[in-house]
Amino acid sequence: MRNAIIVCALAVSAVAATPPIVIQNATILTVTKGTLNGSILIRDGKIAEVGEKVMVPAGAKVVDASGEYVMPGIIDCHSHIAADSINEGSVSVSSMVGIEDVLNPDDIAIYRALAGGVTTANILHGSANSIGGKCTVIKLRWGKDAHDMIFEGALPGIKFALGENPKRAGNPTGQRIGAGNVSGRYPATRMGVEDVIREAFNEAKVYQQSWKDYNEKVARGEQVPPPRRDLKLEPLVEVLEGKRLVHSHCYRADEILMLLRVADDYGFKIRTLQHVLEGYKVAKEIAAHGAGASTFSDWWAYKLEAFDAIPYNAAIMTRKGVIVSLNSDSE
Amino acid sequence: MKRLTVLLFLSTFALPAAPPAPVAIRNARIFPVNGPVIAKGTVVLRNGLIDAVGVDVNVPADAWVIEGDGLTVYPGLIDALSTFGIAEAAPTTPSGGRGAGGQAPAAQQSTPSQPAAPPARGPEDRPYTTSWLKAEDLVKPTDRRLENVRAEGFTTAVTFPDRGIFAGQGAVVNLAGETSGDMVVSGSAGQYVTFTTTPGFGGGYPNSLMGVMAYIRQVYLDADHYKQAKQFYAAHPRGTPRPEYDRALEGVIESPRVLLPATRRIDVDRLIRFSNELHIQALLYGLPEGYRSAELLKSANATALVSLKWPEKARDSDPEEPDSIRVLEIRDHAPSTPAVLARNGVRFALYSGGIDRRADLFRAVRKAIDDGLAPEDALRAMTLTPAEIYGVADRLGSVEKGKIANLVVTKGDLFQDKTEVKYVFVDGMKFEPVEEPPPGRPGATEASNPGDNQ
């Protein structure tokens, strides 16, 4: 735990263009090049040198880490911190909304996540919708303004969700539910979830084509009014064009395969499967599609669709060639 | 003399065509706001306008004279964000701000007898939008609050429809008049926006802050597209399908500025970025955490409307539930916001936040003064600055020749507890305020509070 604190404290102070920092006498877990005992030189917010012996520049701040470990800052692939709202749960396709609009740098959870060693997090929209809102990758730059937390250059994402959560607000009767003042929202079944995703991408393809046609006409010198911009469909066109990554909440093997098939049909990729507790059952198919898997280390059986989870999920998926990460799902 | 004056004004009410008789207030202390204090001067009002002001002003022969010894003349106060004059809007708790959910869509409000409209499926259903409503069409001189509000020194309010995301357009109105039309000084004050959400899932779009923001963004994109489509249609009416008339977009397009709710510092940061992105002229309102936001506001050259209704613990809050340190901090520091903004050169106006008792209003202003706001800055933020913000400084906001005869005449300094508001002039019409007694339990007297004298 203490080791992790060293990592993040450095990450924060380094961004502020302070003098160079040298961490000496540490056990360094490089991840890519094994473990070594030595030093790290940090300059202008970047790792300048790693090795058994590192030159100490004049004016550098020296940290003696004897008996301590240094590792890369933890990257949390599934987090809900640092945002003032998470779920636009009113509709089954909420791709018009985005976490970037509501980032909150004052959220104390940022500080707590830093204390746990997390320096980067993928802030995901909630899982109430078959197609959810846009996601943002942030660096946990505590003390900076919202916009300064955004990880420059990280590809933007979008949340999808399968299974119980997106169909829970649904109602098979199509009638009003609750106290009679809440209407049942489509879909109410797993079949319906697939249908919602397919219909949304059918719409997105028509929309994409309308802009292609318009741009061609303009290029030919024709005078035509432009199509209406649609904030719900624009992110889906970006998905189709590979400019936005899909992070899909899922549990069961059957729905995982369903989503991979839908993606193949429409010609886009699923970047990560989130939770993916039955991923071990279809690990080869996940690997073949090229999707990553972001799962829990030891949390399951909290609802029916999490029943078939096993503690070997991450290990089995890794062995079958899936890129696996462990996430916090923290709020 | 006084009785005669009253009688005369009563007869003026009966004959709306006749302007109020000329009035001269002589030998009074005058705070013109646009210039230095006049220790002893005269103000002449004629035809509802300020006819003359200064030290060497002659009292016209036909003017009713008010002896100003011991009296102070100020410009009438302007409530920079209000619902005063719109009777339906009372009670006056502003609906703005996060979590102001629970409101039915506007379509349902206007026709309560009809079955509830289906939940909004998305931005295309224009949820919580009545952008076409105009305050100038809604104000009535019969709003019961007006008498109390004038007793606070308010002669003008920039009043808005207050329900919904795009609630409607404001107007600058004087707080007295024979007819609704008498009250209106200027329309097109701006579009009032709140971050209204539907509670829970399945109740309709939007139910989150990011949903509201996405909705607002889509509306401005649609407004741009609508303008383009209409232009194109005007140029090529033959052979072009005509664009559908959209009153929601018409209302947004004709609003010269947009009022956005900013509670915390993050809201200020977020909404400055948002209004730059949308190319709208924004006025941020609320600002209880404005004391942390001055440098953001200054560097964006933004304008703030600060609510005088300082945050307090809700009366019905659970005493077992402790407040977070952030909440306590904001409650403690909020009244320092005007002083911090003034020190940093941020343009701001103060608004009542619905406070409609003189004692409460003065106490709220004094809290800001106690936290470092210069009294003259407080006065300016309730007179000339709001007039400038809304583009009516040529008519309102100072005691100057040619401006509308809106004045407050006090015995004692404005905003002091013991100060008496002697007269209020609206469009040259004199009112002698009678303040409503403080609300209390019937029968409750000082004697019934045995702890008081111990």
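(A) Representation of the overall build of chain A within the structure. The helix and strand tally for chain A stands at nine helices and 15 strands. Seen through its C-alpha atoms, chain A measures out along the principal axes to roughly 70 × 60 × 40 Å. In chain A, buried positions account for 42% of the 331 residues. Long-range contacts, defined here as pairs at least 24 residues apart, represent 66% of the contacts in chain A between residues at least 6 apart.

(B) Local environment of the domain arrangement of chain B. Residue and element names in this part refer to chain B. Once the domains are mapped, chain B shows domain 1 (1–76 + 397–434) and domain 2 (77–396). On the side of domain 2, 27 residues touch domain 1, which itself brings 24 residues to the contact. Of all elements in the fold, only β5 (72–75), β17 (420–426) and β18 (429–431) reach the threshold of two or more residues within the side of domain 1 that touches domain 2. If one sorts the elements of the side of domain 1 that touches domain 2 by residue count, β17 sits on top with three residues. Partitioning the side of domain 1 that touches domain 2 into residue classes produces 16 nonpolar, five polar and three charged.

(C) Here's a closer look at the nonpolar core. Residues Val-73, Val-173, Leu-284, Ala-304 and Leu-305 of chain B are the most contacted members of the largest nonpolar core, which totals 185 residues. Considering each element in turn, this core owes the most residues, nine residues, to helix α6 (residues 209–235) of chain B. With sequence-adjacent residues up to four places away left out, Leu-284 of chain B is seen in contact with Leu-260, Ala-262, Val-268, Leu-271, Ala-302, Ala-304 and Leu-305 of chain B. The next biggest cluster of nonpolar side chains, apart from the first, holds nine residues, and it includes Val-22, Ile-23, Ala-26 and Ile-28 of chain A.

(D) Geometry of the confidence of the model for chain A. Residue-level pLDDT values for chain A average 91, and 90% of them are 70 or greater. Between residues 1–15 of chain A, whose pLDDT stays under 50, and residues either more than four places distant or in other chains, the model counts 31 contacts.

(E) Focus on the confidence of the model for chain B. Residues and elements named next belong to chain B. Looking at chain B as a whole, the pLDDT averages 88, with 85% of positions reaching at least 70. For the stretch residues 1–16, pLDDT sits under 50, and the model shows nine contacts to residues farther than four places along the chain or on other chains. Low pLDDT (under 50) marks residues 441–454, which in the prediction has one contact with non-local residues, meaning those over four places away or in another chain.

The rules we used
- Residues numbered from 1 in each chain as written.
- Chains lettered and ligands numbered in written order.
- Predicted model: local features only at pLDDT ≥ 70, side-chain atom pairs only at ≥ 80, totals over all residues.
- Helix = DSSP H or I, 4+ residues; strand = E, 2+ residues; numbered from the N terminus.
- Buried ≥ 20, exposed ≤ 12 C-beta atoms within 10 Å, placed from the backbone.
- Contact = placed C-beta atoms within 7 Å.
- Domains from an automatic or database assignment.
- Nonpolar A, V, L, I, M, F, W, Y, C, P; charged D, E, K, R; others polar.
- Core = buried A, V, L, I, M, F, W, Y, C linked by C-beta atoms within 7 Å.
- pLDDT = per-residue confidence, 0-100.

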